[in-house]
Amino acid sequence: MAESRTEIGTLGEFGLIEHLTKNIEQRQISTLVGVGDDGAVLDHYGRQTVVSTDMLIEGVHFDLAYTPLKHLGYKSVIVNLSDIYAMNAIPTQLLISIAISNRFSVEAVEEIYEGMLAACDRYHVDLVGGDTTSSSGGLIISITAIGEVSPDKYVKRSTAQKGDLLCVSGDLGAAYLGLLLLEREKKIFLESPQVQPSLEERKYIVGRLLHPEARKDVIEFFEENDFRPTAMMDISDGLSSEVLHICKQSDLGAVLYEEKIPIHPDAKDFCYTLELDPTACALSGGEDYELLFTVAQADYDKIKDIEGISIIGYMTEAEKGATILTKGGNSYPLTAQGWNAFS
Ligand code: ADP
Ligand code: MG
């Protein structure tokens, strides 16, 4: 009898993680939060640590044809810090592991590190270790970030309540549009290398892709104003996908208002030149590294006037599902078409 074989694509990235981790038992009382959130939370006699890890693979997560090495280093740190902030914690240390082929010179790796160290400097974190090995092909960067959170102040994805307001920081969809632009320019360059791309007027969307920042400022604002979201995560795979994570893990539904989704004018402008729908880009684009969080209605006053925070909807009972109410007054179910490494 032939052995059965299941393609990973049938489960998808999240399905695979769930499949592999569903029977894991926690043995340590110090494990407060395990698999399933932006970071794990560990308790050490009242002091709490948040840990998170992320891997970036050449050809899957980045293309060196248009990614400057210094930016790559910077961004690889940012994506990890973003997960620590998403737990309402402050990052403190990093471990960086790299696998490199002989295609890279010492100078090239130095450039990547310049970017990594610039991010460490800006976010005030220490690089305390890692691992270096060779790779038979592409470049691999794996980073583990460690952070601190005041006891029990961490914020999970699973603790939103019915009626909570759904909020996002910054604007969405621009990084994805930056990617479309750079992919388009790469194609043109390969066909006619004499054509120089003019990226100057598209600086915003390209910048959102190549050198994102993590929302340290938002987490600091929460702390200063004695405010805590009821649930939170960062937006790496696209708004739809992340809203569905909060719904699933909090056992709730959600309503999103299309007109409230923040999209930068430069992102909209590029959408129109490509005849794309800006809302679709914000919902499914990904790599925004903004924060998605829920707020108790009683805390509305604490967040309503903050510049750069948009209230985009609210949480409902699970039976209502997750829907988006369009500008035209129609309601559609939200679907996760977010970025998927296995599609
Ligand atoms: P994020 O997008 O915030 O980085 P992921 O979607 O990558 O989060 O991961 C979701 C959760 O699954 C996290 O808690 C992560 O630690 C966990 N996870 C991902 N891959 C694995 C794995 N291979 N084994 C165990 N846990 C994993
Ligand atoms: Mg995350």
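See the structure shown above.
Remember, it's a predicted structure, so these values are computed and weren't measured experimentally.

Trainee: What am I meant to see in the coordination of the magnesium ion (ligand 2) here?
Mentor: Tetrahedral coordination by four donors places them ideally at 109.5 degrees to one another around the metal; octahedral coordination by six donors ideally gives 90 or 180 degrees. Around the magnesium ion (ligand 2), the protein contributes the donor atoms Asp38 (OD), Asp83 (OD) and Asp234 (OD), which lie 2.0 to 2.1 Å from the metal centre. Taken in chain order, the donor set of the magnesium ion (ligand 2) reads D-x44-D-x150-D. One end of the pair, aspartate 83, is in helix α2 (residues 69–85); the other, aspartate 234, is in strand β8 (residues 231–235), with 151 residues separating them in the sequence. On the basis of relative accessible area, aspartate 234 is assigned to the buried category, the value being 1%.

Trainee: Where do I start with the packing of aromatic side chains in this structure?
Mentor: A ring pair, where both rings are aromatic, is described by two values, the distance of the centres and the angle of the planes. Applying the stated criterion across every chain, the model contains four aromatic pairs. Taking the centre distance of 5.1 Å and the plane angle of 70 degrees together, the rings of phenylalanine 222 and phenylalanine 293 count as edge-to-face. You can see phenylalanine 222 sitting in helix α6 (residues 216–224) and its partner phenylalanine 293 sitting in strand β10 (residues 290–295), a full 71 residues away along the chain. Here the two residues phenylalanine 222 and phenylalanine 293 agree in accessibility, since each one is buried. Centroid distance tyrosine 257 to tyrosine 314: 6.4 Å. Interplanar angle 40 degrees. Geometry classified as tilted. In this pair, tyrosine 257 is assigned in strand β9 (residues 252–257) and tyrosine 314 in strand β11 (residues 309–317), connecting sequence segments 57 residues apart. A relative accessible area of 26% means that tyrosine 257 is categorised as partly exposed. Joined through ring pairs, the aromatic side chains of Phe222, Phe227 and Phe293 make up one cluster.

Trainee: It is not clear to me how the pattern of salt bridges should be interpreted in this structure. Could you clarify?
Mentor: Once their charged atoms are close, side chains differing in charge can pair, the charge on each being opposite to the other. Across all of its chains, the model carries 22 salt bridges by this definition. Linking glutamate 7 and arginine 5 is a salt bridge whose minimum nitrogen-to-oxygen distance equals 2.8 Å. Between glutamate 317 and lysine 320 there is a salt bridge, with its nearest N and O atoms 3.9 Å apart. Through salt bridges with shared partners, a single network forms among Arg208, Arg215, Asp217 and Glu290.

Trainee: How should the environment of isoleucine 143 be read in this particular structure?
Mentor: Tracing the backbone through its elements, the reader meets isoleucine 143 in strand β6 (residues 140–149). For the pair isoleucine 143 and leucine 181, spaced 38 residues apart in sequence, the C-alpha to C-alpha distance is 28 Å. Setting aside chain neighbours within four positions, we find isoleucine 143 in contact with Ser52, Thr53, Asp54, Ser76, Val77, Asn80, Leu94, Leu95, Ile96 and Met116.

Scoring rules and cut-offs
- Residues numbered from 1 in each chain as written.
- Chains lettered and ligands numbered in written order.
- Predicted model: local features only at pLDDT ≥ 70, side-chain atom pairs only at ≥ 80, totals over all residues.
- Heavy atoms only, no water.
- Donors = N, O, S within 2.8 Å, 3.2 Å for Na, K, Ca; no water.
- Helix = DSSP H or I, 4+ residues; strand = E, 2+ residues; numbered from the N terminus.
- Buried < 20%, exposed > 50% of the residue type's maximum accessible area, 1.4 Å probe, protein only.
- Phe/Tyr/Trp six-rings, centres within 6.5 Å; stacked < 30°, edge-to-face > 60°.
- Salt bridge = Lys/Arg side-chain N within 4 Å of Asp/Glu carboxyl O.
- Contact = heavy atoms within 4.5 Å.

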